[in-house]
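Residue-level structure breakdown
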Amino acid sequence: MEWYNKGKNEVLKELNTGLSAGLSEKEAKRRIEEYGKNELEEQAKKSFFNKFAAQFADFLIIILLIAAGVSAFVGEREDAIIILAIVVINAALGIYQEGKAEKSVEALQRLSAPNAKVVREGNLTVVPAAEIVPGDVVVLEAGDIIPADLRLFESSNLKIEEASLTGESVPVEKDAKAKIVGPVGIGDRHNMAFSSTIVTYGRGKGVVTCTGHNTEIGNIAVKIQTYGEEETPLQIKLNQLGKVLGTLTIAICIIVFVVGMLQGRQALNMLLTSISLAVAAIPEGLPAIVTIVLAIGMNRMAGKNAIVKKLLAVETLGATSVICSDKTGTLTQNEMTVVKAYVDDRILDVEGIGYEPKGDVKLNGRSIGINSLPNLRNLISVGILSNDAKLDDSTGSYKIIGDPTEGAIVAFAGKLGQTSEQLNMIYPRIAELPFDSGRKMMTTFHSNYIEGKIVSFTKGAPDIVINKCNKIALNGRIVDFNKELKQKVVSVNTKFARSALRVLSAAYKVWDRLPEHPTFEQVENDMIFVGLVGMIDPPRPEVKESIAHCRQAGIETVMITGDYKETAYAIAKELGMVEHEGQAIMGEELDKYSDEKLREVVKRTKVYARVSPEHKVKIVTALKENGHITSMTGDGVNDALALKKADIGVAMGITGTDVAKNTAEVILTDDNFATIVNAVEEGRIIFSNIKKFVFFLLSCNIGEILLVFISILLGWEVPLLPIQLLWLNLVTDSFPAMALGVENAEPGIMKQPPRSTKEAILDGEMLGGIVFQAIAISFASLLSYYWAMRMYGTGSGLIHARSVVFTTLILSELLRAFSSRSQNYTLFKIGFFTNIRMIQAVFVSFMLTFVVLYIPVLNEIFDVVPLTLRDWQIVTAFSFIPLLVGELYKDLFKNSGILFEQNLS
């Protein structure tokens, strides 16, 4: 049995404590030793050395390290130093991506209450929350942060804000007398209070049942730490690509070495040639370029109100196929708002957003004022005078101090020009009967409202208040509240409730004088009914359009909330997320399903209500097992586990708890669901651009391999040295590749379905293009090398011949970079000047090559000589071959002139 199922005596006996005396100081100290302090312990952090060492586990990096070692062994120190420098830079760029779990725990610790009021040895005392132990008796008052999980023993009008733990949009009424049979969710444990939630109203007393990691919030902390970091889709694909390239590199090196030895070449020369091929085959700049392009994407997203904490998460957003969103504070505003009112037998529509007292009150589509209906002023007076909430705009935005439902009524009154300060000054409160969960009403007494009379104003649950009234204020008259009129009011209340509105009734009673000892039965009977107000935590205005955009992009949107099913379904229906009630289920139903059955259920379900943090994780896991790339959006502690489990966690920056923000990979600084859609589009652009520069780099690298391999097969001298290949791969190729990384979106990118998780970076279409382009590059380079060897010979003129082929290869790759800007559209269609970064990159790379060729010191390092005018004519002519071939391939083989224009239409 759980603590909430047990009777009071059973709890006291099991915890060996007393409600009036509490624990002794001696026993409290003993229990600290037994149970530990009431705090969340940090998991051991990964050392900097371990983080640094982990960066060298990549297959390609290992090959490069071997190549560096061999180069150093045979005396090629410059090559070895350059290769090692590449590896170290890549490692440094990767280190910062680790270690978010400990930050989440730190945030959970900050949520904990610093002090608590406990009964020890019969005396009420204040102790640090960390020293609370199971069996301590804790006293609760409004404003207290609950220090540990408690079984409540006393409660008087007790309400606790649990939104960050359960997702419920209003404070939960607690009842120490509640008897609960069987297992229920956290949100329905009305005789319990949970660590780090906040008392908003009333008072109570409870016995500590769990502390530290054993609390509900502690359980979340433990699970956050135990969930490992999963690889992103891009990491998986880059690792797969690395293994393929690494295996091919080793195979090619072995083949070339064997062929060279069979041709009778020197073993040392063939070893250096094999190193050259290894350097040529591996795109050394790829990890750094991916990192830089993702960082650029991060900056662009930050400009669009999405802060990405983890580089690889930028791309993962683009692969998202399902967005699981919390309701409260994410799809909705987390601000209760009056949207309907009923008075004088008329239904009013109330406009406006959140707690800001701005917006029209309309009757049949026409704006009205406070005096437009005889009893509208009375409805506002009851609502605002029997009310303890206050509006606070000191921070520049409107917030509520007090109960959210009362705050919604204060904001409603403000839209009609009425304020609580103004009315309370004119009609001062002289007595009150506070709200309690038994009678579900609150009454206040005021003087001067009716000249010479005292009036009691009552607001509360409609079913209770309606039955307590025998009169109704209707169109300027007080008439009998007969069965027919009551039925009409009940039907309006039912209509409001079916729209998932939280409804309150307003009534009043006139007194000649204040009762000497007012009782509930005396005061809250035979009242005059005034009207109803219906409120809801409304959807954010921009969310409906954003969900429509998601649907157009092939992305499903799912609501996961701790709130009630009726409320969740109504919001989802308004947002266009669901079509029928069969698409909404309760969290408790999930416990009945096997993993296999749950995977089927999530295919058709769009709304999950009254769910626990564990349920959210189950849902996310099932979606991932169905092959979806899943994004989880939330703002509370209750979302942290699912944020961690999802492929990408997205937290709200304004309303989000520190726990959610530190667990998530992405933080929305404007709390705007629409920002997610922009981030998804940016993610798609980034992946598309990564494919473009991988296409560019690999076609260049394979072209270099073919150049070296074919030259050896033909019995020629090796055309390029390792240091020249490093220069090509790191400098002249890297700048255009980065320019490809900031290419604009191609048309219709958000009208395509999310890419499959099985889709490789190198698909069949791209492989065909790479081979085609690589052949063109190697062909152009071989022609220039053949011409140069004929012109300058292979003895002392070999350096000149290598300089010609070195320059031809660089220039052909720079020109081909323009063709790589799109796999589908020709350069003429996308426009030569539409990516100014590419023009700048090509210019810088060309000037760097020019410097290497014509500065004497660099000549010696790179083993090149300046080219003559005749050389430049040959180099330029051959360099245009790959560009022309690439454009013809797109226009003829891919039929872009017809096919892709049809796609656009």
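Residues numbered from 1 in each chain as written. Predicted model: local features only at pLDDT ≥ 70, side-chain atom pairs only at ≥ 80, totals over all residues. Heavy atoms only, no water.

1. Topic: the sheet that holds strand β26 (residues 630–634)
Strands sit in the order β8-β28-β27-β26-β9-β23-β25-β24 across an open sheet of eight strands; the sheet is mixed. Each end of this open sheet is capped by a strand with a single partner; those strands are β8 (306–308) and β24 (584–586). Direction aside, the axes of adjacent strands within the sheet are offset by 20° on average. Pairing analysis gives four bridges linking β26 to strand β27 (residues 648–652), with the strands arranged parallel. Counterpart to threonine 633 in the pairing with β27 is valine 650. (Pairing = 2+ DSSP bridges. Helix = DSSP H or I, 4+ residues; strand = E, 2+ residues; numbered from the N terminus. Axes fitted to C-alpha atoms, helices over the stretch in contact; angles between N-to-C directions.)

2. Regarding unusual backbone geometry
At aspartate 526, a residue that is not glycine, the phi angle is positive and equals roughly 55°. Tracing the chain through its elements places aspartate 526 in the loop between α19 (520–523) and β22 (527–536). The backbone of arginine 610 shows a phi angle near 55°, a positive value even though the residue is not glycine. Mapped onto the elements of the fold, arginine 610 is located in the loop between β25 (607–609) and α24 (613–625). Of the residues examined, arginine 610 reaches a relative accessible area of 9% and is grouped as buried. (Buried < 20%, exposed > 50% of the residue type's maximum accessible area, 1.4 Å probe, protein only.)

3. Some details on the packing of aromatic side chains
Enumeration according to the criterion identifies 12 aromatic pairs in this entry. For the ring pair phenylalanine 832 and phenylalanine 833, a centre distance of 5.1 Å and an interplane angle of 80° mean the geometry is edge-to-face. Residue classification places phenylalanine 832 among the partly exposed residues on the basis of a relative accessible area of 36%. Overall, phenylalanine 833 belongs to the exposed group, its relative accessible area being 65%. Seen from their ring centres, phenylalanine 850 and tyrosine 854 are 4.6 Å apart, and the 35° between their planes marks the pair as tilted. Of this pair, phenylalanine 850 and tyrosine 854 both sit in helix α33 (residues 836–854), four residues apart, which is roughly one turn of the helix. For phenylalanine 850, a relative accessible area of 34% gives the class partly exposed. A network of ring pairs unites the aromatic residues Phe846, Phe850, Tyr854 and Trp872 as a single cluster. Above the face of the phenylalanine 435 ring, lysine 159 is positioned so that its terminal group lies 4.6 Å from the ring centre. (Phe/Tyr/Trp six-rings, centres within 6.5 Å; stacked < 30°, edge-to-face > 60°. Lys NZ or Arg CZ within 6 Å of the ring centre and 35° of its normal.)

4. Notes on the environment of valine 455
Tracing the backbone shows valine 455 in strand β18 (residues 454–460). Between the alpha carbons of valine 455 and valine 510 there is a distance of 4.6 Å; along the sequence they are 55 residues apart. Sequence-distant contacts of valine 455, that is, excluding residues within four places in its chain, are made with Thr444, Phe445, His446, Tyr449, Ile450, Tyr508, Lys509, Val510 and Trp511. (Contact = heavy atoms within 4.5 Å.)

5. Structural notes on the pairing of strand β21 (residues 502–511)
Most of β21 sits inside the fold, with eight of its 10 residues counted as buried. Examined bridge by bridge, β18 and β21 share seven bridges and lie antiparallel to one another. The residue of β21 that forms the bridge with phenylalanine 457 is tyrosine 508. Where β21 and β22 come together, seven bridges link them in antiparallel fashion. From the neighbouring strand, arginine 502 faces β22, where its bridge partner is methionine 535.

6. Thoughts on the packing of helix α30 (residues 764–792) against helix α31 (residues 798–819)
Packing of α30 against α31 leaves a shortest axis separation of 8 Å and a crossing angle of 155°. As judged from the angle between their axes, α30 and α31 are roughly antiparallel. The chirality of how α30 crosses α31 is right-handed. In this structure, α30 uses Gln773, Ile777, Ala780, Ser781, Ser784, Tyr785, Ala788, Met789 and Tyr792 to contact α31, whose residues at the interface are Leu798, His800, Ala801, Arg802, Val804, Val805, Thr808, Leu809, Ser812, Glu813 and Arg816. (Parallel < 35°, antiparallel > 145°, perpendicular 65-115°, else oblique. Left-handed = near helix turned anticlockwise from the far one by under 90°.)

7. Digging into the nonpolar core
If you look at the biggest cluster of nonpolar residues, it comprises 124 residues, and the most contacted ones within it are Phe529 and Phe693. Apart from residues lying up to four places away in sequence, phenylalanine 693 is in contact with Leu286, Ile289, Val290, Val293, Ala737, Leu740 and Gly741. One finds Tyr355, Val410, Tyr449 and Met535 within the second-largest nonpolar core, a separate group that totals 40 residues. (Core = buried A, V, L, I, M, F, W, Y, C linked by side-chain atoms within 4.5 Å.)

8. Quick word on the environment of isoleucine 690
With respect to the secondary-structure elements, isoleucine 690 resides in helix α27 (residues 673–713). C-alpha separation for the pair isoleucine 690 and leucine 740, spaced 50 residues apart in sequence, amounts to 7.8 Å.

9. Describing α27
In this model α27 runs 60 Å from its N-terminal to its C-terminal C-alpha over 41 residues, within 8% of the 60 Å that 1.5 Å per residue would give. Where α27 terminates, the next one or two residues include glycine 715, which has phi positive at roughly 80°. (Expected span 1.5 Å × (residues − 1).)

10. As for the packing of α27 against α31
Helices that pack against each other are described as a pair by the angle of their axes relative to one another and the distance between those axes. Closest axis-to-axis distance for the α27/α31 pair is 11 Å, and the angle between their directions is 155°. It follows from the interaxial angle that α27 and α31 lie roughly antiparallel. Between α27 and α31 lies a crossing whose hand is right-handed. Two secondary-structure elements touch here, α27 through Phe695, Phe696, Ser699, Cys700, Glu704 and Leu707 and α31 through Val805, Leu809, Glu813, Arg816 and Ala817. Broken down by class, the residue content of the contact of α27 with α31 amounts to seven nonpolar, one polar and three charged. (Nonpolar A, V, L, I, M, F, W, Y, C, P; charged D, E, K, R; others polar.)

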